Each structure stands twice: as C-alpha cells, then as structure tokens.
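Fold and geometry: a report
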Amino acid sequence: MPPRRAFARTTAAVLGLVTAFSLTACGGSGDDATDRIDAKNAGGDSKINLGPDQDRVSTPKVDSIAALVPEAIRERGTLEVVGTTGTAPPLSFYATDDKTVIGVEPDIATLVANVLGLKPHFNTVDWANIFVGLDSGKYDVGLSNITVTEERKEKYDFATYRLDNLAFEAKKGAGWKVSEPADVAGRTIAVGSGTNQEKLLVTWSEQNVKKGLKPTDIKYYQKATDYYLALGSGRIDAYLGPNPTAAYHVASAGQSEIIGTYSGGGADVRGEIAATTQKDNNLIKPIQEALNTVIKNGTYQKVLDRWGLANEAISSSELNPKGLPKTNQ
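Residues numbered from 1 in each chain as written. Predicted model: local features only at pLDDT ≥ 70, side-chain atom pairs only at ≥ 80, totals over all residues. Heavy atoms only, no water.

Before going further, it helps to spend a moment on the overall build of the protein chain. Within the protein chain, the regular secondary structure consists of 10 helices and 14 strands. Sorting the 329 residues of the protein chain into buried and exposed places 53% on the buried side. Considering only contacts in the protein chain between residues 6 or more positions apart, those separated by 24 or more positions represent 76%. (Helix = DSSP H or I, 4+ residues; strand = E, 2+ residues; numbered from the N terminus. Buried < 20%, exposed > 50% of the residue type's maximum accessible area, 1.4 Å probe, protein only. Contact = heavy atoms within 4.5 Å.)

Looking at where P89 falls in the secondary structure, it is placed in the loop between β3 (78-83) and β4 (93-94). Separated by 13 residues in the primary sequence, P89 and I102 place their C-alpha atoms 8.8 Å from one another.

This part covers the sheet that holds strand β13 (residues 256-263). In space, the five strands of this open sheet follow the order β11-β10-β12-β9-β13, with mixed pairing throughout. Two strands in the sheet have a free side with no partner beyond their single neighbour: β11 (217-219) and β13. Ignoring strand direction, the axes of neighbouring strands in this sheet form an average angle of 30°. Summarising the sheet, strand β10 (residues 188-191) and strand β12 (residues 238-242) pair through three bridges and their orientation is parallel. (Pairing = 2+ DSSP bridges. Axes fitted to C-alpha atoms, helices over the stretch in contact; angles between N-to-C directions.)

Taken as a whole and assessed by the stated rule, the structure comprises 12 salt bridges. We note a salt bridge from R306 to D107, for which the minimum N-O separation is 2.5 Å. With a gap of 199 residues between them, R306 in helix α10 (residues 299-306) and D107 in helix α4 (residues 104-116) connect regions that are remote in the sequence. Overall, R306 belongs to the partly exposed group, its relative accessible area being 22%. Under the relative-accessibility criterion, D107 is labelled buried at 1%. The partner of E272 in a salt bridge is R270, and the shortest N-O contact between them spans 3.0 Å. Taking relative accessible area as the criterion, R270 reaches 45% and is therefore assigned partly exposed. Through salt bridges with shared partners, one network takes in R56, D107 and R306. (Salt bridge = Lys/Arg side-chain N within 4 Å of Asp/Glu carboxyl O.)

Every buried residue of helix α5 (residues 127-136) is accounted for by W127, I130, F131, G133 and L134. Take α5 and look down its axis: the buried residues cluster within an arc of 160°, on one side only. Where α5 terminates, the next one or two residues include G137, which has phi positive at roughly 85°. (Arc of directions from axis to C-beta.)

Moving on: the nonpolar core. Membership of the largest hydrophobic core comes to 45 residues, with the highest contact counts inside it found for L79, V104, I108, L116, L143 and I287. Within the residue set of this core, elements represented by two or more residues are β3, α4, β8 (156-163), α8 (243-253), β14 (272-278), α9 (284-297) and α10. Apart from residues lying up to four places away in sequence, L79 is in contact with A109, V112, A113, L118, K119, P120, H121, D140, V141 and L283. Formed by 16 residues, the second largest nonpolar core is a distinct cluster that contains F168, I189, A238 and I259. (Core = buried A, V, L, I, M, F, W, Y, C linked by side-chain atoms within 4.5 Å.)

We now examine α8. Burial analysis of α8 places 11 of its 11 residues in the buried class, which makes it a mostly covered element. Where α8 is concerned, the buried positions are N243, P244, T245, A246, A247, Y248, H249, V250, A251, S252 and A253.

This is the structure in structure tokens:
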C-alpha cells in the first residue's frame, strides 16, 4: 500500500465515485433488487451485493488450528477484528443499511474466524486507533489494508493475505498494456497529486526521457468522477490508482479495464497486505495457518472473486516477510 496519507487522498477521491454507484443501487434493506449492482466485468457472480445480508463465504473449523489460539480468546468465543470503513469499496465499507460492515477485509476475517472456531466481531475506528487498540489489547487483529513495513514489524506481527498492487485503468478495448516504464512513454495518464502512484509515474517518465523516449503527460483532476469522464472521452489514456478501487470500478461500471498492475512496494519489495497483531501475543501463528487453510480449500479465492480482486491473490500466507523499508514511510 502507498504511504497511508497518500493512499487516503486517493481513496477519498475514489470514494465519491463509488458512493455514486452505491446511491444508484441503494434502497431499503429488505429490497434485494436495489441492494445489488451489476458486476459487468466480474469473473464470478453477475451482481455485487451491497446489502446487509451478505451470505458470506464460510469454511469449517479446524480443531488443530483452533487449539493454538490463546486460551483467553478461545474462552471469550469472539475474534475482535478492527478496521476502518474510511476507505472505498471493495475494502471495508458500510452496506446499504449504513451499519453492516462489508467488503473483502471482513470477508477474509470471517474465514479466519471460521477456521479458529470463533465468531468475528467487527470494530470500526479511525486509522490511528487501529494501532492504539492493538497496542492496548482491546482488539485481537487488524484487517484494514495494512501493508507490511519494516517500521511496523518492530511493534506488530504480520500474516500476509493479499498483494498490495497499483493499477493502470484504461478505457475498455484500449489495446495496450503496461508492464514497464517504456509502456507509458508519450501517454497521457492521470494520477492523484501527492500519492505514491504519482511518485512512481514521475520516476518512470524521467527514466524514459533519459533513454530518449517521450515523457508521460501527467494529468490531475479534483474529483474521481473527473478522472473517469476524461478516460471515457479519450482525454487521458489511463488512470493510475490503488488496484482494489480500480478493480471495483471496472467490475461495477463495465466501461474500463485494468491494463497493468505494479507492486505498491516499488521495484525492490513485493508490497503485501497482512493481518496485524500485537507482537509476540501468540495469535499470529494460528491466523497464518487459518489463512493458508482457506487459500488451499478455495474459499479465499471465492472471496477475492466476489469483490473483483483475483489479481491480488497470494499462493500462501507468510509470517513477517520483508516489508517496505523505513525510507518509504
């Protein structure tokens, strides 16, 4: 994930657009037809469920893994999950009833709790209080698009569950792909000001110019809707932003496609999103084993598919892998 302040700027902009989608899909909590929107480019269900009745993917308890959970948590019977709904769909956000927490993060947390034989209890706070609550022991685990960093590893343990990707989004049928800096030479690409995505694009453009290639024409807009209007009219060739929000827009609007992704950790580190616990509290190992269980049995993939994030899947969960260096904070 890009540095949190930068990511927040981008997701705040995209939230305005996604909220517009949600409003067109909203109705009373009992009206199933208006709780679902078309997932025109989704690989699984043809609808994205925004309602409170999620019918979440579930998986059986694994006794041998559940036995590894600290006794106090087993006796309590709940897994206290903390996150923020201040990000855009499909990460963690409120359903159409404005109180049920839904998204890829709570769905994965539910699978972990299933394996551990616990009931997930979702606590929503602002970003800073995720870590305050983990420090105090108020919450057991954070699942909130938290990237592994070397600085955070000094205080927390991590079990990875998704790649941290950036995405280039272009008009459907654009006919070009992005896999390296040369692919953006001479292109007009929009990006959020002050974000890690902007830093990446500027760096790539400078590298291209040094090699005698054309610079990238970088554009900035005030609102997410402006980015997509520009994309649809051909005024820009692509928009570079966080992969989850781009994937959600692709699936829900059906007018664009992701033409390339790049690690949020840059060229040297594979950025990864991870379940986060207080360091050395003996919970991260059973969480990691639970994640590997659901990866192997296919329920993890079902969750990613239903939210359009199949391209962020990992093959196994790692404990405390190499994180973004402190210089990237």
